[in-house]
Amino acid sequence: MAKKLIVVLVSEQTVPNVQFLKWYFKNNLQNVDLLFISTNKMEQKQKSENILNALEYLSKYIDESKIICVDENSIDDLKGKVKKLISEWGHSSFEVNITGGTKIMSLATYDFFKEIENCEIFYQPLNQNLQKLYPEYEDFSVSQLLTLEEYMKAHGINFKYDNKCLMNYEYNGRVYEKVIKDNRDAIKPIIALQNNSYFKNIFKRKDTINLLQVPDEKFVTPEGKSISKDEIIDAIKAFGFDVENLSKNELRYITGGWFEEFVYQKVKEENNLPDENVALNVHIEKGHDKNELDVIYIQNNRLHVIECKSFLEGSEGAWVLNDALYKLQAIMKSKFGLNALPYLYTQSIVEKETALNRAKEFGIEIVDGNFL
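Computed from a prediction, not measured in an experiment: that's the story for all the values here.

Some details on the sheet that holds strand E4 (residues 93-97)
Taken together, seven strands build an open sheet; the order of strands is E3-E2-E1-E4-E5-E6-E7 and the sheet is mixed. Whereas interior strands pair on both sides, the edge strands pair on one side only; in this sheet they are strand E3 (62-69) and strand E7 (138-140). On average, each strand axis in the sheet is inclined to that of its neighbour by 20°, with strand direction left out of account. Both E4 and strand E5 (residues 119-123) contribute to a ladder of four bridges, which runs parallel.

If you want it as structure tokens, here you go:
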């Protein structure tokens, strides 16, 4: 029986190979063998394994997969190892994706396989359509192929999230004008209250707290500064929450969770995103490294990462903004591919040139109150 071999070149960017394989199986549900042309460096980072993990549900169509590690700077090494393997393996047709690897690897692979019968060679420029280069040119759309889970697995990232919102989009769009604007002074100390060891210990043991039963002397900042219990209670009541049965999630909502919910609902609504392609309150883990992200979504196979800061005002706001930009830039650089897009959303108006210039330098788009 005729057997097809799919060949992909492995590099730091795994998403193009995941896109190609998903596109292929979407159009050809047939069993194949799979060859990864990689390097020792890439396999130490488990790049081929990440590609397979991203498409685990399609594994039933892959009879056998093999990896050959080549010298990324040697045309002869790649050609020699590939020739030896395929002569032993035996296939009647070939689909080759040269998007990954180094330039030398791509050139060597193209040069080798164009001399083989029944072979098609593909390449995908960054953020463009998939192109068949050989034997004749064709152009294929691969937009909207990847889910959020596939993108994360392609990068070797474990993630979990909670898309449950306390309030709906309409409420969250009005809550600033209706409630928060007139209670800003009382909300600020509630933020400090979240870091109070007394309240932290209660929420470790219980899901809710009765604020009326909490002694007045417990309403203090971590630094020991007194907070007005009555003002705190009045502010919480303004949100419509029960002060005798207040949950940790409700407390978090008051101190900024409302804005994260609003941004999540806004991007989902405006981009018409399905549930599996957008996430709120995201926890990611890669190796021993753990990070938290506010909102992420995938559209046209591109990951969008949003850091939310409800307010960035005064000297403290400037420090928070600067810290957020550095944090976001570090996460993007270490976790995601070249075409991921970072954003910082805030209700405040960002006008400081140093912050705007730093965001531009980092490739981060600031979406502030002028646009929201």
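Comments concerning the packing of helix H12 (residues 314-335) against helix H13 (residues 353-362)
The interhelical angle for the contact between H12 and H13, taken along N-to-C directions, is 0°, at an axis separation of 10 Å. Relative to H13, the element H12 is oriented roughly parallel. Contacts between H12 and H13 involve Leu321, Asn322, Leu325, Tyr326 and Gln329 from the first element and Ala355, Arg358, Ala359 and Phe362 from the second. Looking at side-chain class alone, the contact of H12 with H13 contains six nonpolar, two polar and one charged residues.

Quick look at the sheet that holds strand E14 (residues 341-346)
Pairing is mixed across the open sheet formed by six strands, whose spatial order is E8-E11-E12-E13-E14-E15. In this open sheet, the two edge strands, each paired with only one partner strand, are strand E8 (158-160) and strand E15 (365-367). For this sheet the average axis-to-axis angle between neighbouring strands, irrespective of direction, equals 40°. Alignment of strand E12 (residues 289-299) against strand E13 (residues 302-309), held across five bridges, turns out to be antiparallel. Residue Val295 lies in a different strand from E13, and its bridge partner there is Ile306. Helix-sheet contacts for helix H11 (residues 248-270) involve strand E11 (278-286), E12, E13 and E14, and the interaxial angle to E11 is about 105°.

Observations concerning the environment of Leu34
Counting through the fold element by element, Leu34 comes out in strand E2 (residues 32-38). Note: C-alpha distance between Leu34 and Asp275 (241 residues apart in sequence) is 31 Å. For Leu34, the contacting residues outside a window of four places in its chain are Leu5, Ile6, Val8, Leu21, Leu52, Ile62, Glu64, Ser65, Lys66 and Trp89.

Basis of the calculations
- Residues numbered from 1 in each chain as written.
- Predicted model: local features only at pLDDT ≥ 70, side-chain atom pairs only at ≥ 80, totals over all residues.
- Heavy atoms only, no water.
- Pairing = 2+ DSSP bridges.
- Helix = DSSP H or I, 4+ residues; strand = E, 2+ residues; numbered from the N terminus.
- Axes fitted to C-alpha atoms, helices over the stretch in contact; angles between N-to-C directions.
- Parallel < 35°, antiparallel > 145°, perpendicular 65-115°, else oblique.
- Contact = heavy atoms within 4.5 Å.
- Nonpolar A, V, L, I, M, F, W, Y, C, P; charged D, E, K, R; others polar.

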